Amino acid sequence: MKKVIVVGAGILGASTAYQLAKLGADVLIIDRKDKGQATDAAAGIICPWLSQRRNQAWYRLAKAGARFYPELIRELEREGETDTGYAQVGALSIHHDVEKLNKMEERAQLRREDAPEIGDITPLDEQDTHDRFPLLREEYRSIQISGAARIDGRALRDALIRSAQRNGAVLINGDAKLQFESSRVTGVTVGSDSYDADQIIVCAGAWANQLLQPLGIDFKVSYQKAQIMHLKVHDHQDTGSWPVIIPPSDQYLLSFDDQKIVIGATHENDIEGYDTRVTAGGMQEILDKGLALAPGLANSTFQEVRVGFRPFTPGFLPIMGTVPGWDGLITANGLGASGLTMGPFIGSQLAKMALGMDLDIDVADYDVRTAMNED
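Residues numbered from 1 in each chain as written. Predicted model: local features only at pLDDT ≥ 70, side-chain atom pairs only at ≥ 80, totals over all residues. Heavy atoms only, no water.

Can you help me understand the overall build of the chain in this one?
Within the chain, the regular secondary structure consists of nine helices and 22 strands. For 375 residues, the compact-globule formula gives about 21 Å, and the C-alpha radius of gyration of the chain, at 21 Å, lands near that figure. Expressed as lengths along the three principal axes of its C-alpha atoms, the size of the chain is roughly 65 × 45 × 40 Å. Taken over 375 residues, the chain has a buried fraction of 58%. The contacts in the chain between residues at least 6 apart in sequence include a share of 74% that link residues at least 24 apart. (Helix = DSSP H or I, 4+ residues; strand = E, 2+ residues; numbered from the N terminus. Rg over C-alpha atoms; globule rule 2.2 N^0.38 Å. Buried < 20%, exposed > 50% of the residue type's maximum accessible area, 1.4 Å probe, protein only. Contact = heavy atoms within 4.5 Å.)

Looking at this model, I keep getting lost on the packing of helix α3 (residues 56-78) against helix α6 (residues 153-166). Mind explaining?
Two measures define how a pair of helices packs: the angle their axes make with one another and the distance between the axes. At their nearest, the axes of α3 and α6 sit 11 Å apart, and the two run at 55 degrees to each other. As far as their axial angle goes, α6 and α3 are oblique. For the crossing formed where α3 meets α6, the hand is left-handed. Where α3 approaches α6, its residues Y69, L72, I73 and L76 are matched on the opposing element by L156, A159, L160 and S163. Of the residues assigned to the contact of α3 with α6, the class counts are seven nonpolar, one polar and no charged. (Axes fitted to C-alpha atoms, helices over the stretch in contact; angles between N-to-C directions. Parallel < 35°, antiparallel > 145°, perpendicular 65-115°, else oblique. Left-handed = near helix turned anticlockwise from the far one by under 90°. Nonpolar A, V, L, I, M, F, W, Y, C, P; charged D, E, K, R; others polar.)

Is there a simple way to think about the sheet that holds strand β4 (residues 86-87) in this case?
Pairing between the strands of a sheet is mediated by backbone hydrogen bonds and can be parallel or antiparallel. In spatial order, the strands read β3-β8-β4; together these three strands make up an open sheet with antiparallel pairing. Edge strands, defined here as strands with exactly one partner in the open sheet, are β3 (43-46) and β4. Pairing of β4 with strand β8 (residues 149-152), which is carried by two bridges, proceeds in the antiparallel orientation. Of the residues in β8, the one forming a bridge with Y86 is I151. Strands β3 and β8 of the sheet are contacted by α6, whose axis makes an angle of about 70 degrees with β8. Strands in contact with helix α9 (residues 339-354) are β3 and β8; relative to β3, the strand with the most contacts, it is inclined by about 80 degrees. (Pairing = 2+ DSSP bridges.)

Hey, could you run me through the sheet that holds strand β12 (residues 193-196) in this one?
Read across the open sheet, the three strands follow the order β10-β11-β12; overall the sheet is antiparallel. The open sheet has two edge strands with one neighbour each: β10 (176-181) and β12. When the angles between neighbouring strand axes are averaged without regard to direction, this sheet yields 35 degrees. Where β10 lies against strand β11 (residues 184-190), six bridges are found, and the strand directions are antiparallel. Of the residues in β11, the one forming a bridge with F180 is V185.

Would you take a moment to explain the nonpolar core for this structure?
In summary, soluble globular proteins display a tendency toward joint burial of nonpolar side chains. One finds L20, V27, W49, I145, I346 and L350 to be the most contacted residues of the largest nonpolar core, which totals 76 residues. If you tally residues by element for this core, the top one is α3, at 11 residues. The residues contacting L350, other than those within four sequence positions of it, are L12, T16, I201, C203, M320, I330, T331 and A332. L28, V185, F219 and V221 belong to the second-largest nonpolar core, a separate cluster that totals 27 residues. (Core = buried A, V, L, I, M, F, W, Y, C linked by side-chain atoms within 4.5 Å.)

What's the story with the packing of aromatic side chains in this structure? I'm lost.
Given two aromatic rings, their pairing is described by the distance between the two centres and the angle made by the two planes. Tallying each qualifying case throughout the model produces 10 aromatic pairs. Ring centres of F68 and F345 lie 5.9 Å apart, and the angle between their planes is 70 degrees; this geometry places the pair in the edge-to-face category. Highlighted residues: F68 in helix α3 and F345 in helix α9, separated in sequence by 277 residues. By way of ring pairs, the aromatic residues W207, Y223, Y274 and F309 are connected into one cluster. Sitting over the ring of F256, K260 keeps its end group 5.2 Å from the ring centre. (Phe/Tyr/Trp six-rings, centres within 6.5 Å; stacked < 30°, edge-to-face > 60°. Lys NZ or Arg CZ within 6 Å of the ring centre and 35° of its normal.)

What is the right way to look at the environment of I11 in this model?
Its place among the elements puts I11 in helix α1 (residues 11-22). On the basis of relative accessible area, I11 is assigned to the buried category, the value being 5%. Every residue in contact with I11, bar those within four places of it in the chain, is listed here: T39, L156, R157, L160, G339, L340, G343 and P344.

Got a minute to help me understand the environment of M229 in this structure?
Turning to its location among the elements, M229 is positioned in strand β15 (residues 222-232). Of the residues examined, M229 reaches a relative accessible area of 0% and is grouped as buried. As for M229 and V307, which are separated by 78 residues in sequence, their C-alpha atoms are 9.0 Å apart. When near neighbours in sequence (up to four residues on either side) are disregarded, M229 contacts I261, V262, I263, M283, I286, L287, F302, E304 and V305.

What am I meant to see in α3 here?
Because each turn of an α-helix spans 3.6 residues, side chains separated by three or four positions end up pointing in the same direction. Along its 23 residues, α3 runs 34 Å from first to last C-alpha, staying within 8% of the 33 Å computed at 1.5 Å per residue. A maximum bend of about 35 degrees is found in α3 at Y69, where proline P70 lies one to four positions downstream. Capping of α3 at its N-terminal end is provided by N55; its side-chain oxygen lies 3.0 Å from the backbone amide nitrogen of A57. (Expected span 1.5 Å × (residues − 1). Bend = angle between axes of the 7 residues up to and from the residue. Polar contact = N/O pair within 3.5 Å; in protein donor to acceptor, adjacent residues only side chain to side chain.)

Can you walk me through the side chain of N333 in this structure?
Locating N333 in the fold gives a position in strand β21 (residues 329-333). Residue classification places N333 among the buried positions, given a relative accessible area of 1%. Here G205 takes part through its backbone oxygen, which lies 3.0 Å from a polar atom of the side chain of N333. Residues in contact with N333, not counting those within four places in the same chain, are G205, A208, F219, V221, P311, T313, P318 and I319.

How do you make sense of the packing of α3 against α9 when you look at a structure like this?
Across the interface, α3 lies against α9 with an axial gap of 7 Å and an inter-helix angle of 80 degrees. The orientation of α3 with respect to α9, classified from their angle, is roughly perpendicular. Side by side, α3 and α9 meet where W58, L61, A62, A64, G65, A66, F68, Y69 and L72 of the first sit next to L340, T341, M342, P344, F345, I346 and S348 of the second. Residues that form the contact of α3 with α9 fall into these classes: 13 nonpolar, three polar and no charged.

As far as function goes, none of this settles anything; it's purely spatial.
Here you go:
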């Protein structure tokens, strides 16, 4: 049985560990539980098909990530996981400009040719749009994408870890440091304890450079701070079935069960260190944009703000694969704001990589060397 250590238990590490355990590997997950982990704060939209990003390698990965979800959720449900945070509720891409909505519909129809999981693509007028999300300002039209989904990153991560543990994985909390001899990474130490493995997979997000530096690697990962707000609405009981709202701005609205609405998020660059503070400016930005979209939120009850650091690698394109010059070491990083869309699928590929299995995607597009400076 192959021994594999996964460092980092966000959505990527948890997914990797679950897939490895399911495939019969001897899995150890190590997580430091840093404040600001991206997954711990994230609620996400699974709807990559409307994106106008021109990077086709990014789109292929996002599309594969969205396609991967339904079977993963069915697997977890068979494992007994009833709270994955996932629901295929559809999405409304809203706008005032009819011409822009028409172009959006054309783009979605073209992409449905090789992504039938998009589902139905339906233009909605102002009344239909408002009926589906009653808190919205009434002047928006929309394109409805029935195959879109929403996800609570914290709930899915926890479900994956529990399922990995049921399949034999072991989770420990602590600060992992890589062990290496010559050009091979042989395991990790956590405090005074040492753990050997055949493969080590680093899924450390915004903190990956700290872990890789002792190998002489200057790992180029930057991060962006996100603040995301949770509210509870009143007079609406069925919020769990409401669609995701994708506006023209960089904000979004997600609805969950128990009258919970998530609005966000900020995109804060050039912050100093790992600043996990909830700021007045961040809250104001979220509320200003959120209430402009959905005035019906004005009477909601504030519950919390979560803070996370989205990791980015050069070119804003994720990287994954074996680390050049080092045997026994695999990494992935740079999922950015698409972590919840891509993370579970990339985790499945990392697991296959560690076990010498054929992959479902060409990882040459996501070359680890693009994020490396070697001392």
